[in-house]
Amino acid sequence: MRKPVHSIEMQPRAVGVRCPKARASLEQAVMRAKAADMAGKDCVKVAVRVRPFNKRERDAGSRCVISMTSNTITIQDPRNGQNPRSFCFDYAYWSHSGFTRDRSGLYVAEEPGGRYADQGSVFQDLGEVILENALQGYNATLLAYGQTGSGKSYSMVGYGANKGLVPTLCDRLFQAIRTNEDSRQCQVFFSMLEIYNEQVADLLSRASRCPGGLRVREEQQRGFYVEGLRTVPCENASQVEQLMEQGTRTRTTAATHMNANSSRSHMLIIVQLKQIFCKESITKQSNIYLVDLAGSERQRASGSEADRLKEGTAINLSLTTLGHVISALADAAVGKKVVHIPYRDSVLTKLLQSALGGNSRTVMIATLSPADICYEESMSTLRYAERAKRIQNRPVVNESPTERLVKELKAENARLMQRLSRLGHEGRRAEDNTMELRRLLTHNELQIRAIQTLWEQHLQEALKDCELQYASITQERRMMQMYPYILNINEDAQLSGVVKHFIQDGDWDIGLADSLTRSISIKGLGIQEQHAVFSNVQRRVSLSPLAGSKVIVNGTIISQKTELQHLDRLILGSNSTYLFIGYPSERGGEDWSRYDYDYFQSELAAAEGIHIPSLCEEPAQGDSMASTGQTDPSLLAVFYDYIKLMPMVSEANQMSQELHKGVEFKLEIKNLALSDSKGHDLEKEIAVRVTSLENKQVWLWSKAKFVNRKFLMEELYQQHIADLKGEGAGGEPLPRDRDPFWDPLEPLLLGTAHLWLQSLAFRIALEEQLEVLGSEGTEEAILQAKLLPCTTNGLPLGEDDILIDPSELLRRRLDFQLVLDQCCGLRWVKQAKNRGVQIGFRMFDSAQPIYTPAVWHNVNPLLDQRVHFTSLYTSQTLLDHLQTSALVLELWGLQEGCRELLSSMEGVRMSPEGCFIIDHAETLETAKTVDSGSELSCSLSALQQDVQELRSSNAALRTENNTLREQLNTARNESGRGPSERRGSSLRPSCDAEFARALKVFYHSMTSVRGQLQRLRRHRPSEDSDMLSLRQFVDEQTGLLRDFSELLEQSVSSLKQDVAAIVRRKRERSGIWP
Ligand SMILES: Nc1ncnc2c1ncn2[C@@H]1O[C@H](COP(=O)(O)OP(=O)(O)O)[C@@H](O)[C@H]1O
Ligand SMILES: [Mg+2]
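Residues numbered from 1 in each chain as written. Chains lettered and ligands numbered in written order. Predicted model: local features only at pLDDT ≥ 70, side-chain atom pairs only at ≥ 80, totals over all residues. Heavy atoms only, no water.

A.B. asks: What is the right way to look at the overall build of the protein in this model?
C.D. replies: In terms of helices and strands, the protein carries 23 helices and 44 strands. Contacts in the protein between residues far apart in sequence, at least 24 positions, make up 70% of those at least 6 positions apart. Surface accessibility of the protein: about 54400 Å² in total, with carbon and sulfur atoms responsible for 51%. (Helix = DSSP H or I, 4+ residues; strand = E, 2+ residues; numbered from the N terminus. Contact = heavy atoms within 4.5 Å. Areas by Shrake-Rupley, 256 points an atom, 1.4 Å probe, with all protein chains shown as cover.)

A.B. asks: What is the right way to read the sheet that holds strand β32 (residues 663–671) from this model?
C.D. replies: What the 3 strands build is an open sheet, ordered β32-β33-β34; its pairing is antiparallel. Edge positions in the open sheet fall to β32 and β34 (698–702), since each of these has one partner strand only. Put simply, the sheet's adjacent strands are angled 30 degrees from each other on average, direction ignored. As judged from the 5 bridges shared by strand β33 (residues 684–692) and β34, these two strands associate in the antiparallel manner. (Pairing = 2+ DSSP bridges. Axes fitted to C-alpha atoms, helices over the stretch in contact; angles between N-to-C directions.)

A.B. asks: How do you make sense of the sheet that holds strand β23 (residues 506–511) when you look at a structure like this?
C.D. replies: Working definition: the strands of a sheet are paired by backbone hydrogen bonds and lie parallel or antiparallel to each other. Spatial ordering of the open sheet is given by β24-β23-β25-β26-β29, a layout of 5 strands whose pairing is mixed. Each end of this open sheet is capped by a strand with a single partner; those strands are β24 (519–521) and β29 (562–563). Both strand β25 (residues 532–537) and strand β26 (residues 540–545) contribute to a ladder of 6 bridges, which runs antiparallel. From the neighbouring strand, valine 533 faces β26, where its bridge partner is serine 544.

A.B. asks: Please clarify how the packing of aromatic side chains should be interpreted in this entry.
C.D. replies: How two aromatic rings sit relative to each other is set out by the distance from centre to centre and by the angle between their planes. Using the criterion set out here, one finds 15 aromatic pairs in the structure. When the ring of phenylalanine 665 is compared with that of phenylalanine 741, the centres are 6.2 Å apart and the planes differ by 50 degrees; the resulting orientation is tilted. Separated by 76 residues along the polypeptide, phenylalanine 665 in strand β32 and phenylalanine 741 in the loop between α16 (703–724) and β35 (748–756) bring together distant segments of the chain. The two residues phenylalanine 665 and phenylalanine 741 agree in class, both being buried. Within the aromatic cluster, the residues linked to one another by ring pairs are Phe665, Trp701, Phe706 and Phe741. When the ring centre of tyrosine 583 is taken as origin, the NZ or CZ atom of arginine 539, which lies over that ring, is 4.0 Å away. (Phe/Tyr/Trp six-rings, centres within 6.5 Å; stacked < 30°, edge-to-face > 60°. Buried < 20%, exposed > 50% of the residue type's maximum accessible area, 1.4 Å probe, protein only. Lys NZ or Arg CZ within 6 Å of the ring centre and 35° of its normal.)

A.B. asks: How should I be thinking about the pattern of salt bridges in this particular structure?
C.D. replies: Taken as a whole and assessed by the stated rule, the structure comprises 34 salt bridges. Residue arginine 79 is joined to glutamate 376 by a salt bridge in which the shortest nitrogen-to-oxygen separation is 2.9 Å. Highlighted residues: arginine 79 in the loop between β4 (72–75) and β5 (85–88) and glutamate 376 in helix α9 (residues 375–388), separated in sequence by 297 residues. A relative accessible area of 63% places arginine 79 in the exposed class. A salt bridge links aspartate 821 to lysine 786, with the shortest nitrogen-to-oxygen separation between them at 3.2 Å. Taken as a pair, aspartate 821 in strand β38 (residues 814–824) and lysine 786 in strand β37 (residues 779–790) lie far apart in primary sequence, 35 residues in all. (Salt bridge = Lys/Arg side-chain N within 4 Å of Asp/Glu carboxyl O.)

A.B. asks: Help me understand the packing of helix α5 (residues 165–179) against helix α6 (residues 237–257) in this model?
C.D. replies: Between two packed helices, what matters for the description is the angle formed by their axes and the separation of those axes. Their axes nearest at 8 Å, the elements α5 and α6 cross at an angle of 155 degrees. Here α6 runs roughly antiparallel to α5, going by the angle between their axes. Handedness of the α5/α6 crossing: right-handed. Every residue of α6 that contacts α5 at Val166, Pro167, Cys170, Asp171 and Phe174 is listed here: Ala237, Val240, Glu241 and Met244. Partitioned by chemical class, the residues of the contact of α5 with α6 number 7 nonpolar, no polar and 2 charged. (Parallel < 35°, antiparallel > 145°, perpendicular 65-115°, else oblique. Left-handed = near helix turned anticlockwise from the far one by under 90°. Nonpolar A, V, L, I, M, F, W, Y, C, P; charged D, E, K, R; others polar.)

A.B. asks: Any chance you could explain the nonpolar core here in plain terms?
C.D. replies: A general trend in soluble globular proteins is that nonpolar side chains are found buried together. Grouped together as the largest cluster of nonpolar side chains are 52 residues, with contacts concentrated most on Phe665, Val688 and Phe706. The element best represented in this core is helix α15 (residues 633–658), accounting for 12 residues. For valine 688, the residues in contact, after removing those within four places along its chain, are Leu645, Val649, Phe665, Lys666, Leu667, Trp699, Leu700, Trp701 and Phe706. (Core = buried A, V, L, I, M, F, W, Y, C linked by side-chain atoms within 4.5 Å.)

A.B. asks: Can you help me understand the site of ligand 1 in this one?
C.D. replies: Taken together, 13 residues sit near ligand 1, with Gly149, Lys152, Ser153, Tyr154 and Tyr159 positioned nearest. Within the backbone of lysine 152, an N or O atom sits 2.9 Å from an oxygen atom of ligand 1. Between ligand 1 and the protein, one listed contact pairs an oxygen atom with a side-chain N or O atom of tyrosine 159 at 2.5 Å. Relative to its free-state accessible area of 560 Å², ligand 1 is covered by the protein chains to the extent of 81%. Among the elements that line the shell around ligand 1, the one with the most residues is helix α4 (residues 152–156), at 3 residues. Classifying every residue of the shell around ligand 1 by side-chain character gives 3 nonpolar, 7 polar and 3 charged. (Near = heavy atom within 4 Å. Polar contact = N/O pair within 3.5 Å; in protein donor to acceptor, adjacent residues only side chain to side chain.)

A.B. asks: Looking at this structure, how should I read the environment of glutamate 218?
C.D. replies: If you trace the backbone, glutamate 218 turns up in strand β14 (residues 216–219). Take glutamate 218: its relative accessible area is 42%, and that puts it in the partly exposed class. It is 8.9 Å that separates the C-alpha atoms of glutamate 218 and lysine 350, two residues lying 132 residues apart in sequence. Excluding its chain neighbours within four sequence positions, the residues that come into contact with glutamate 218 are Gly223, Phe224, Tyr225 and Arg344. Among the polar contacts made by the side chain of glutamate 218, one reaches the side chain of arginine 344 at a distance of 2.8 Å.

A.B. asks: Could you clarify how one ought to interpret the UniProt feature "binding site: ATP" (unreviewed entry) in the protein in this entry?
C.D. replies: With numbering matched to this structure, UniProt assigns "binding site: ATP" (unreviewed entry) to Gly146, Gln147, Thr148, Gly149, Ser150, Gly151, Lys152 and Ser153. Topologically, glutamine 147 is positioned in the loop between β9 (140–146) and α4. Excluding anything up to four places from it in sequence, glutamine 147 contacts Lys152, Gly295, Ser296, Glu297, Thr367, Ser369, Cys374, Glu377, Ser378 and Thr381. The class for serine 153 is buried, based on a relative accessible area of 13%. Residues within four places of serine 153 in sequence aside, it is in contact with Gly158, Tyr159, Asp292 and Gln494. (UniProt positions renumbered as here; feature names shortened; annotations may be inferred.)

A.B. asks: It is not clear to me how the pairing of strand β30 (residues 569–572) should be interpreted in this structure. Could you clarify?
C.D. replies: Regular strands place their side chains on alternate faces of the sheet. Here β30 shows no split at all, with Arg569 and Ile571 on one side and Leu570 and Leu572 on the other all buried. Taken together, the 4 bridges between β30 and strand β31 (residues 576–581) define a ladder with antiparallel strand orientation. The residue bridging leucine 572 from the neighbouring strand is serine 576, located in β31. Remark: 3 residues form the turn of the hairpin made by β30 and β31, two consecutive strands paired antiparallel; glycine 573 in that turn has positive phi of roughly 65 degrees.

A.B. asks: Teacher, can you tell me more about helix α12 (residues 597–607) here?
C.D. replies: Note on helix geometry: an α-helix contains 3.6 residues per turn, so any two residues three or four positions apart are oriented the same way. Among all positions in α12, only Tyr597, Phe600, Gln601, Glu603, Leu604 and Ala605 are buried. Immediately beyond the C-terminal end of α12, within one or two residues, lies glycine 609, with a positive phi of roughly 90 degrees.

A.B. asks: How should I be thinking about α16 in this particular structure?
C.D. replies: Counted at 1.5 Å a residue, the expected span for α16 with its 22 residues is 32 Å, and the 31 Å between its end C-alpha atoms agrees. Just downstream of α16, glycine 726 is the residue with a positive phi angle, here 80 degrees. (Expected span 1.5 Å × (residues − 1).)

A.B. asks: So what exactly am I meant to see when it comes to the pairing of strand β3 (residues 66–69) here?
C.D. replies: Of the two faces of β3, the one holding Ile66 and Met68 is buried and the one holding Ser67 and Thr69 is not buried anywhere. In the sheet, β3 pairs with β4 via 4 bridges, with the strands oriented antiparallel. Each residue of the ladder has a partner; that of threonine 69, found in β4, is threonine 72. In sequence, β3 turns back onto β4 through a hairpin of 2 residues, with serine 70 there showing a positive phi of about 50 degrees.

A.B. asks: Teacher, can you tell me more about the state of the cysteines here?
C.D. replies: Working definition: the covalent bond between the sulfur atoms of two cysteines is a disulfide. Enumeration according to the criterion identifies 0 disulfides in this entry. In this model cysteine 466 remains outside any disulfide bridge; the closest cysteine sulfur is found in cysteine 234, 7.9 Å from its own. Assessed through its relative accessible area of 16%, cysteine 466 is described here as buried. (Disulfide = S-S within 2.5 Å.)

A.B. asks: Whenever I open this one, the side chain of serine 360 confuses me. Can you help?
C.D. replies: Tracing the backbone shows serine 360 in the loop between α8 (347–351) and β19 (361–368). At 3.0 Å, the side chain of serine 360 and the side chain of threonine 141 are in polar contact. At a separation of 3.2 Å, a polar atom in the side chain of serine 360 contacts the side chain of threonine 362. Leave out the neighbours within four places in its chain, and serine 360 touches Asn139, Ala140, Thr141, Ser354, Ala355, Asn393 and Pro395.

A.B. asks: Would you mind showing me how to read a nonpolar patch on the surface here?
C.D. replies: Taken together, Ile804, Phe995 and Leu999 make up a surface patch of nonpolar side chains, about 230 Å² in accessible area. Residue placement: phenylalanine 995 occurs in helix α22 (residues 978–1018). (Patch = residues over 30% accessible without salt bridge, like charges linked within 9 Å, V, L, I, M, F, W, Y side chains within 5 Å.)

A.B. asks: Where do I start with unusual backbone geometry in this structure?
C.D. replies: Leaving glycine aside, a negative phi is the common case for residues, and trans is the common case for peptide bonds. Look at asparagine 554: it is not a glycine, yet its phi comes out positive at around 50 degrees. Relative accessible area serves as the criterion here: at 25%, asparagine 554 is assigned to the partly exposed category. One non-glycine residue, histidine 857, lies in the positive phi region at around 55 degrees. Mapped onto the secondary structure, histidine 857 falls in the loop between β41 (855–856) and β42 (862–871).

Okay, structure coming up:
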């Protein structure tokens, strides 16, 4: 049996430990705690749960990469079928398949005894453990860890009928309390808090949020605690549910006010259980921490390391520190020397100190998405869980010193009473003593009463509060059956449908203002004091935006009064999203849950012309998309990136406007095919274009950089709001280099052009007019480029050097020049004259890209660049590259004040003539064989032996050969057809030469055909053309088209004629035709 020890105190201390005896007993308790410390170690229990596919995953045709047998989880790398990884945990829950939804909406196993783990079975293992521990007087902690959307909140809190661990735990706790009523008196306190950006917010507080959040303090006995956190005494489970509802509502409104992302916040519920065993005169108390952690995906920098500004100071400090603490503890558990456990580095780890390596029984539930696209995240969750399960805690039963004090005060009172009665017998002499004793007695009694009444008093207050809450909930339910209303929709499903605003008869102003009589007050980015007006006339509801405010209905911006229909989607301001619910008579039995956050954003994107089909416009080569009806998962990922970033961009724009930053953000879909040397990769990527409104400077941010910056912007914005309210520290304006809206100017990749290298494999010169395409398909410029095969000293090759068979190049030297003559029609410079450009490219395996010198202020600048490349010993790899790939020419935009791109010579090889050497790896290979003399000499003698043997067999073969030749000659003379055969073989080269010439002619004519095609492509009507000029355009177009087809016909038919002539001649000469 473990001995009871000191506790972490729960109540505001009504009585100090002034009584010397109480202090002594406390010290004893601490001693006992230390003794127990040496005893029972207890490892963190870890459970893993995998959820069903969500809509996105189903749309993407995801495969499930997780499998489970008993407590072993196996995860399969979708790109590598060979390499499954298995992990073993205390519990493994299969909630992915084999379930059905019953009438009450409960997810249950399809068949009795099926493998599906429902909420009940998860509770049976994990919840019961926690409950049992708490009832025994241990501290207990339950942590949910996993990426956003993996099911943490589903497991912890639950959705609808599928109640999670917390409500069920509370329900069962009160049941247990009632069962044990005879043996103990119990007190339950409930608190709920959120940690966002290292700030603690009390989710149950009735007061407004204090700037900077609540303080986390440390006391020796109590450890870390949140100062001033509201702890609500509770008597039953429905009271707890109400408090949770209240907490979620606070969380939701705070998230919209501060446009904070709930997936970055940690939600903590603290249930404090105090059990007073009257007969034994002991009190056990335990703290139950129930933690829904922030999404684990933020833990990695997700590419933002490229950003100049470090990630938001505290965006994931708590989660990162939790990781560090867990790692350190896991190392310590396997006997590694660990000097320091960084509990103090973050708010979360301070509060969870006892849960991790301390006085608590701890359970972690790690939640996983089943989908292949989440493989990396799931793998990282499993590794994390694997580490967590090694952590050893030292839980002890807690006994409250406060109760001991009551006991001791009572004992002391009894003694005082005895002394008093004795004094009474001793007469007046003792009067003074009596007075003193009575004073002590009263003092002690007051203290006892204070301890005992505190609970009663608080409970009464809390119950009153609860009744009020209950009344307002009942009122809300009634209103829902009477009036239409708008329902909040949040990115986090857990926070959706929490806030309702009713639209009763008449006109209702909606906006920031809350002082108006007929108003609905909402807060959020881009919401005006008076934003719009709802009017409900004769059971018809319409919405009219007020001047300057943004209102979107079903994806479209409205500027006039618009009548609303049941289930219309509203976006007010930057991103306050609501679903309109009509009068009860209009509500069918439809499923509202399909109108989730994704639905709103997809609808908005569709209105901008971005939807999945539009992203698939250029089907991939050999793509089976249409046939399978399945969207390419990578395109789907791009689409979801787009709709995820869209509201964030809108919010960033609003913040920029309010903070007078003068920059505008715009989403772009970059087509990565443009920088692929094979040109057929369909990958796309989201980027954010940042433009300064004043001087048109432009930056292009990656998604990761934007997400990081957005967080920093939010921080800045919150500061600004606090300053406006006079709550902030004021302080200096942010220096420019720490401003998330600012960046130094960098050269910008405007677009790329592909110069195909195939002609080099035949040593044919190529002259091209290349279209430089921007990532969104815009024509950025026309680039005149040449590829000229040449001699080692740069003289052009003649037509006779053309090769029929490229393999003739193998292991021979190849020299060629890339000439960039001119860039025409630069869109970048047309937009602002004070700009410049450079062209960058990297030939085959060059160590560094080469950049042309910068040319400024010119729409059609001459480049006049000639670069000589040489391959000294052409390899098969280079030959393949020439035949299948293009040189990607990048057009870089320069802006005034930005650095120019410089070609670096690091690792670049030059030939003695000053040419850039390519195909270097192969040259090295050959050099190596020549160089490694020592190895060669070793095998030299062996080779010489071989050579000797070969020589003798050669001599034998030669003799045999001569005999055979003689026999053959005799046979030829007999048949009489020998001479023509000989002639045929001697004619061969001249036929090849003719063929080469024909090809050359064809090739040249094809170049003009291509030029004509490019002219056709560029020929577009001007944007403001009228009917007349359109007609003229069509005529011109027809002319161009006719020329084009004539040219093409001519080229093809002359090739046909030439080839036919060659074939005919060849046959004539070979004597097939007489
Ligand atoms: N075990 C499960 N069974 C059914 N649906 C689930 C399960 N786990 C999660 N979900 C659903 O997945 C979505 C995201 O889950 P949620 O718990 O909110 O994720 P998290 O809190 O990890 O971000 C919710 O719509 C939820 O209903
Ligand atoms: Mg959640």
